[in-house]
Amino acid sequence: MSTRVQRAAALLWLLALLFFACPGEAAPEAPITLRQASAALIVEGRTLRPREIELPLHWDAVFKGWSGSADLTLRFDMPPDAAALREPHALFITRLGSAYEIELNGVLLTSGGTLAGNLAGKRDRWRAKHPVRLSFPSRLLAEHNELRIRIRAESGARAGLSVVHLGTENAIAPLAQRAELLRVALPLATSVFSLLVAGFCALLWWQQRDALYAWAGIGEALWAAAVADAVLEVSPLPWPYWGVTLLLLRAAWVWSLYAIAQEVCGRRPRIEYWTVLAVQASVPLCLLLMFALRSTQPLLIWYVVALSTFAWVNLRLAVQAWRAPSSQRLMIVLCLFAVLAASVRDAIAGRWDASLYAESAWAKYVAVLVGAALLWIVSQRFLQARAEVLSLNASLADRVAQKEHELRDSFQRLSELESSRAVLAERERILRDMHDGVGSSLATAVRQLEGGRALPHEVVQMLRESMDHLKLSIDAMNLPAGDVNALLASLRYRLEPRIESAGLRVAWNVAPLPRWAAGHDEAMRHLQFLVLEVISNVLQHAKASTLSLAAEAVDAGIRITLSDDGCGIRAAPGHAVRSLEVRADAIGAALSIEPAAPGTRVTLTLPAAPGARGRA
């Protein structure tokens, strides 16, 4: 045997010796359990013959549908351990009700509610829901003792008396703590849990308007109210009105469970739907029959029908979940089967089996599974919705990337096409300008030379005009957009030598002009050729000695005025005037041609765009 094994064995032996050598705390003496009682019973005002009964007394199981009272006497001898008499003693009763009084050897220990039941027309609302634990001094005990318990029993309120435990405080404490946990703490916790689930589902419904969340919130709120009754010593309403309210709450809760199952498992068949609705809606009729017949038999029949319908629906849901498996459907079906089993057990315990009188109802614990299942379904739906959103985002991102790629390709093709069109348009413009200006001048010079009638200086003049047209076309390509000052300066630079060589005096009066908002490249070329054509007409036809050009900014835009002191305009407009009008219309300018004294005045007003009043 290795050294490590030997050391481990020695340590275990040492621990065992210490365990058995150390004196343990003495176990408390077991309490006395009282099961036999002498009972004096009054049922519906009729006094029954005194009898010996064995506890527990389950009033609803023995006297179905009847109310009354019971005077119970439990006798016991002094505990054999004399040392125990020096310790404080306690009495513990798991279930006792409806109202009660407890005496020990003629001394009233406690009471709850009123035994009369109806004082001055006011019903007693005491419910006796909590276990009863009484501490009393040991001097109250005698050699032969008599414990007397008087109760008032309301029909349907689970009145009666469970077995009685009596002993020292240490002996009674574990029993009382366990009963408090099962009958008070856990129901309160389940009620709070159901309220939290109800609030959470209500918030989800408020955001998403999903019917599942609405029914879940309603069902959990109804169940929280029903379970809260398990810890209420004083009910909000007197009996039997509070009992009727609880029955209606449970019926509405069962319908909410069916609605939840329908939302999870899909729309239910019509016959099933109307059957469940009819059973739950028949509760008021059942209550009327109970009051009319003064019997709980209608309620028992309703319980059987309701539980049978519930079992039938659960089987149909289970078959559907088996044929079309789904984690959410399986979860709901399992929870509903658990609730059904607990409800059957509670119905038996509450109406038939007296031995289960002291036991707490199981449904209020099992129904917590429904709230947990709802939270799980909500989480599954959230994860599913999140996965769908992520998938949709990924799909949208792919589609956006694909569209961006297609748009880039389309934009590149459009850019290339636009560049080709711009090049083609520029070529067409240059050709048109060459044809209209340089081409026509060169053609005129060729005709003059071929005819032999032109003088040399006339041919030279025509060629110079062609050169001026060519230079102005080149200048137009480099003009800033909308800069009318630069355009007029270019014209003056190119044409002033030619004008002066023709014997005309030039008067330029151009003020600083604002930028012409509509002066794109094409408009600037039209304006250049329009002014050039007016000057050419003056040189060729006006026989003037002075040419004046003025430009200024006005409210309407920019006004350019060209005037001469020649022979004036002819009566009918010719080709030149129509050409001027066409170009003016092309740039949206206002053209005015009128006689002056002497000569002709041509006024051109370029429109101003709103807000475009800045200097060029």
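Residues numbered from 1 in each chain as written. Predicted model: local features only at pLDDT ≥ 70, side-chain atom pairs only at ≥ 80, totals over all residues. Heavy atoms only, no water.

**Some thoughts on the overall build of the protein**
Here comes step 1: The helix and strand inventory of the protein stands at 15 helices and 21 strands.
Here comes step 2: Going through the 616 residues of the protein one by one, you find that 41% of them count as buried.
Here comes step 3: Taking contacts inside the protein between residues at least 6 apart in sequence as the whole, the part at least 24 apart equals 75%.
Here comes step 4: Of the roughly 33600 Å² that the protein leaves accessible, carbon and sulfur atoms contribute 61%. (Helix = DSSP H or I, 4+ residues; strand = E, 2+ residues; numbered from the N terminus. Buried < 20%, exposed > 50% of the residue type's maximum accessible area, 1.4 Å probe, protein only. Contact = heavy atoms within 4.5 Å. Areas by Shrake-Rupley, 256 points an atom, 1.4 Å probe, with all protein chains shown as cover.)

**Focus: the environment of Val538**
Here comes step 1: Along the chain, Val538 falls in helix H14 (residues 521–542).
Here comes step 2: Filtering out sequence-adjacent residues up to four positions away, Val538 remains in contact with Leu504, Lys543, Leu547 and Asp564.

**Brief notes about the sheet that holds strand S15 (residues 160–161)**
Here comes step 1: Sheet architecture is open: three strands sit in the order S5-S15-S8, paired in antiparallel fashion. The open sheet terminates on both sides in strands that have one partner only, identified here as strand S5 (57–58) and strand S8 (96–97). (Pairing = 2+ DSSP bridges.)

**Observations concerning helix H13 (residues 484–501)**
Here comes step 1: Over its 18 residues, H13 runs 26 Å from end to end, which matches the ideal 26 Å to within 8%, given 1.5 Å per residue.
Here comes step 2: At Leu495, H13 is bent by approximately 45 degrees, the largest bend along its length, and proline Pro497 sits one to four residues beyond.
Here comes step 3: Every buried residue of H13 is listed here: Val484, Leu487, Leu488, Ser490, Leu491, Leu495, Glu496, Arg498 and Ile499.
Here comes step 4: One or two steps after H13, the chain reaches Gly503, where phi turns positive at roughly 90 degrees. (Expected span 1.5 Å × (residues − 1). Bend = angle between axes of the 7 residues up to and from the residue.)

**Remarks on the sheet that holds strand S19 (residues 557–564)**
Here comes step 1: Spatial strand order, S17-S18-S19-S21-S20: five strands in an open sheet with mixed pairing. Two strands close off the open sheet at either side, each with one partner strand: strand S17 (505–510) and strand S20 (590–595). Looking at each pair of strands side by side, their axes are set apart by 10 degrees on average, direction ignored.
Here comes step 2: Of the pairings in the sheet, the one linking S17 to strand S18 (residues 546–554) comprises six bridges and is parallel in character. Opposite Val510, over in S18, you have Ala551 as the bridge partner.
Here comes step 3: This element, H13, spans S17, S18, S19 and strand S21 (600–607) of the sheet and lies at about 170 degrees to S17.
Here comes step 4: On the sheet, H14 packs against S18, S19 and S21 and is oriented at approximately 15 degrees with respect to S19. (Axes fitted to C-alpha atoms, helices over the stretch in contact; angles between N-to-C directions.)

**Some words on the packing of helix H5 (residues 241–265) against helix H9 (residues 327–351)**
Here comes step 1: At a minimum axis separation of 9 Å, H5 and H9 run at an interaxial angle of 160 degrees. Viewed along their axes, H5 and H9 adopt a mutual orientation that is roughly antiparallel. Here H5 runs over H9; the crossing is left-handed. Where H5 approaches H9, its residues Trp253, Leu257, Ile260, Ala261, Val264 and Cys265 are matched on the opposing element by Gln328, Arg329, Ile332, Leu336 and Val339. (Parallel < 35°, antiparallel > 145°, perpendicular 65-115°, else oblique. Left-handed = near helix turned anticlockwise from the far one by under 90°.)

**Side note on the pattern of salt bridges**
Pairing between side chains becomes possible if they bear opposite charge and their charged atoms approach one another.
Here comes step 1: Using the criterion set out here, one finds 15 salt bridges in the structure.
Here comes step 2: One connected set of salt bridges, linked through shared partners, spans Glu101, Glu103 and Arg150. (Salt bridge = Lys/Arg side-chain N within 4 Å of Asp/Glu carboxyl O.)

**A word on the confidence of the model for the protein**
Here comes step 1: In this model, the protein carries a mean pLDDT of 80, and residues with pLDDT of at least 70 account for 81%.
Here comes step 2: Overall, residues 16–27 carries pLDDT values under 50, and its contacts beyond four positions in sequence, including any with other chains, amount to zero contacts.
Here comes step 3: Ignoring residues within four places in sequence, the model shows residues 610–616, a span with pLDDT below 50, making 17 contacts including any to other chains. (pLDDT = per-residue confidence, 0-100.)

**Describing the pairing of strand S13 (residues 132–136)**
For a regular strand, side chains alternate in direction, first toward one face of the sheet and then toward the other.
Here comes step 1: Because side chains alternate across S13, one face comprises the buried residues Val132, Leu134 and Phe136, and the other comprises Arg133 and Ser135, none of which is buried.
Here comes step 2: Inspection of the sheet shows strand S7 (residues 89–93) paired to S13 by five bridges, in the antiparallel sense. Directly across from Ala90, in S13, lies its bridge partner Ser135.

**Considerations on the side chain of Glu103**
Here comes step 1: Take Glu103: it is sitting in strand S9 (residues 99–104).
Here comes step 2: A distance of 2.8 Å separates the side chain of Glu103 from the side chain of Arg150, its partner in a polar contact.
Here comes step 3: Those residues within four positions of Glu103 in sequence are excluded, and the remaining contacts are Leu108, Leu109, Glu146, Leu147, Arg148 and Arg150. (Polar contact = N/O pair within 3.5 Å; in protein donor to acceptor, adjacent residues only side chain to side chain.)

**So, helix H4 (residues 211–228)**
Here comes step 1: Between its terminal C-alpha atoms H4 stretches 26 Å, which fits the 26 Å expected from 18 residues at 1.5 Å a residue.
Here comes step 2: Listed in full, the buried residues belonging to H4 are Leu212, Tyr213, Ala216, Gly217, Gly219, Glu220, Leu222, Trp223, Ala224, Ala226 and Val227.
Here comes step 3: For H4, the N-terminal capping position is held by Asp210, with its side-chain oxygen 3.0 Å away from the main-chain nitrogen of Leu212.

**Quick word on the packing of helix H3 (residues 169–208) against H4**
Here comes step 1: Packing of H3 against H4 leaves a shortest axis separation of 7 Å and a crossing angle of 160 degrees. In terms of orientation, H3 and H4 fall into the roughly antiparallel class. The chirality of how H3 crosses H4 is left-handed. Where H3 abuts H4, its residues Pro187, Thr190, Ser191, Ser194, Leu195, Val197, Ala198, Cys201, Leu204, Trp205 and Gln208 lie against Tyr213, Ala214, Ala216, Gly217, Glu220, Ala221, Trp223, Ala224, Val227 and Ala228.
Here comes step 2: Residue classes in the contact of H3 with H4 are distributed as 15 nonpolar, five polar and one charged. (Nonpolar A, V, L, I, M, F, W, Y, C, P; charged D, E, K, R; others polar.)

**Description of the environment of Leu369**
Here comes step 1: Inspection of the secondary structure puts Leu369 in helix H11 (residues 368–451).
Here comes step 2: Separated by 30 residues in the primary sequence, Leu369 and Val339 place their C-alpha atoms 8.5 Å from one another.
Here comes step 3: Setting aside its immediate chain neighbours within four residues, Leu369 contacts Cys335 and Ala338.

**Structural notes on the packing of aromatic side chains**
What characterises a pair of aromatic rings is the spacing of the ring centres plus the angle enclosed by the ring planes.
Here comes step 1: Taken as a whole and judged by the stated rule, the model has eight aromatic pairs.
Here comes step 2: Ring centres 5.4 Å apart and planes at 70 degrees place the aromatic pair Trp255 and Tyr273 in the edge-to-face group. Of this pair, Trp255 sits in helix H5 while Tyr273 sits in helix H6 (residues 270–281); the two residues are 18 residues apart in sequence, bridging distant segments of the chain.
Here comes step 3: For Trp255, a relative accessible area of 15% corresponds to the buried category.
Here comes step 4: Looking at Tyr273, the relative accessible area reads 27%, which means it is partly exposed.
Here comes step 5: A centroid spacing of 5.4 Å and a plane angle of 85 degrees characterise the contact between Tyr273 and Trp274, whose relative ring orientation is edge-to-face.
Here comes step 6: The partly exposed category is assigned to Trp274, whose relative accessible area is 48%.
Here comes step 7: Ring pairs connect the aromatic residues Trp255, Tyr258, Tyr273 and Trp274, which therefore count as one cluster. (Phe/Tyr/Trp six-rings, centres within 6.5 Å; stacked < 30°, edge-to-face > 60°.)

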